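# Residue-level structural notes
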Amino acid sequence: MSLFRKIFGNTSKSDSPHSDKEGEVRSKYMPDINTPADERFTKNFIINGGRFLYALNQDEIHENFDNILLENDWYEEHVFCTNDNLKEIFKGYNLTFGTNEEAPFFLTTCESLVANDGSLLVCSKQLKELKLNDLPENIIVFGTTSQIVNTIGEGLRLIKNRNSGSIPTNITTIKNFESKEDDKDFMTYGSSTKNLYLLLLEDL
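The written sequence of each chain sets the order in which its residues are numbered from 1. Selection of residues for local features in this predicted model requires a pLDDT of at least 70, selection of side-chain atom pairs for listing and counting requires 80 or more, and totals for whole chains, interfaces and linings are taken over all residues. Note that water and hydrogens are dropped before the side-chain values are worked out from all heavy atoms of the structure.

Labels follow the DSSP assignment, with helices taken as runs of H or I lasting at least four residues and strands as runs of E lasting at least two, numbered in each case from the N terminus. Regarding its fold elements, the chain presents 6 helices and 12 strands. Buried residues are those whose accessible area, probed at 1.4 Å on protein chains only, stays under 20% of the maximum for their type, while exposed residues exceed 50% and partly exposed ones sit between those limits. When each of the 204 residues of the chain is scored for burial, the buried share is 45%. Restricting to contacts in the chain with at least 6 residues of sequence separation, those with at least 24 account for 69%. Only the protein chains shown count as cover for residues, and all accessible areas are computed by the Shrake-Rupley method using a 1.4 Å probe. Element-wise, carbon and sulfur atoms account for 46% of the exposed surface of the chain, whose accessible area totals about 11,200 Å². We call two residues contacting when some pair of their heavy atoms lies within 4.5 Å.

Quick look at the structure:
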């Protein structure tokens, strides 16, 4: 799969709105529901205000991570991170890993990347028992293309299948990546807005 060539290559957009199978009118700026899941996720994620950094290998992941630290002056800072694998991957940046909620950023994985709304599905494996409001304003998520699913329901089924007999708690989605006061509705009211970077590794 060449995700970026598919998404940012020559594409054509219709000037008329799309409709889904239930007759719902979709904005012409939203991805067509018949397009591949990876393309729908990326477009919806960007529409939500997320920052997307694609990598073909671990070297490119490190390069992108280094650029984030440089952009935000986060070298030699405290990092909210509870994932031992991520601590090992990013151990060469003089970062202090811990659970300081006042840290400049939260470094985490996710359970799934949801194509239909561009959200990230997380649970107690990433958040423990904390709410999104308790976490640092800035989040860096390490994800892979194999984690892209079509719907939240599909992501929830994967969580259940992966954790037979001990389903994680605190399951939620991260969706609001920038403040859009004019666009808030009852589905997003009260949500915590985060400045989010996605380090996405191609693994398919």
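Okay, the environment of Gly98 next. With respect to the helices and strands, Gly98 occurs in strand 5 (residues 96-98). Distance from Gly98 to Thr82, taken between C-alpha atoms, is 6.7 Å for residues 16 residues apart in sequence. With sequence-adjacent residues up to four places away left out, Gly98 is seen in contact with Val79, Phe80 and Cys81.

You can see Thr109 is positioned in the loop between strand 6 (105-108) and strand 7 (112-114). Residues contacting Thr109, with those up to four places away along its chain left out, are Asn83, Leu86, Val122, Gln126, Val141 and Phe142.

Quick look at the pattern of salt bridges now. We define a salt bridge as a side-chain nitrogen of Lys or Arg found within 4 Å of a carboxyl oxygen belonging to Asp or Glu. On inspection of all chains with the given rule, the structure shows 5 salt bridges. For Lys43, the salt bridge goes to Glu39, with nearest N and O atoms at 3.2 Å. Taken together, the residues span about one helical turn, with Lys43 and Glu39 both in helix 2 (residues 37-47) at a distance of 4 residues. Note on Glu39: relative accessible area 11%, which makes it buried. Among the salt bridges present, the one from Glu88 reaches Lys91, with a minimum N-O distance of 2.7 Å. Judged by relative accessible area, which is 55%, Lys91 ranks as exposed.

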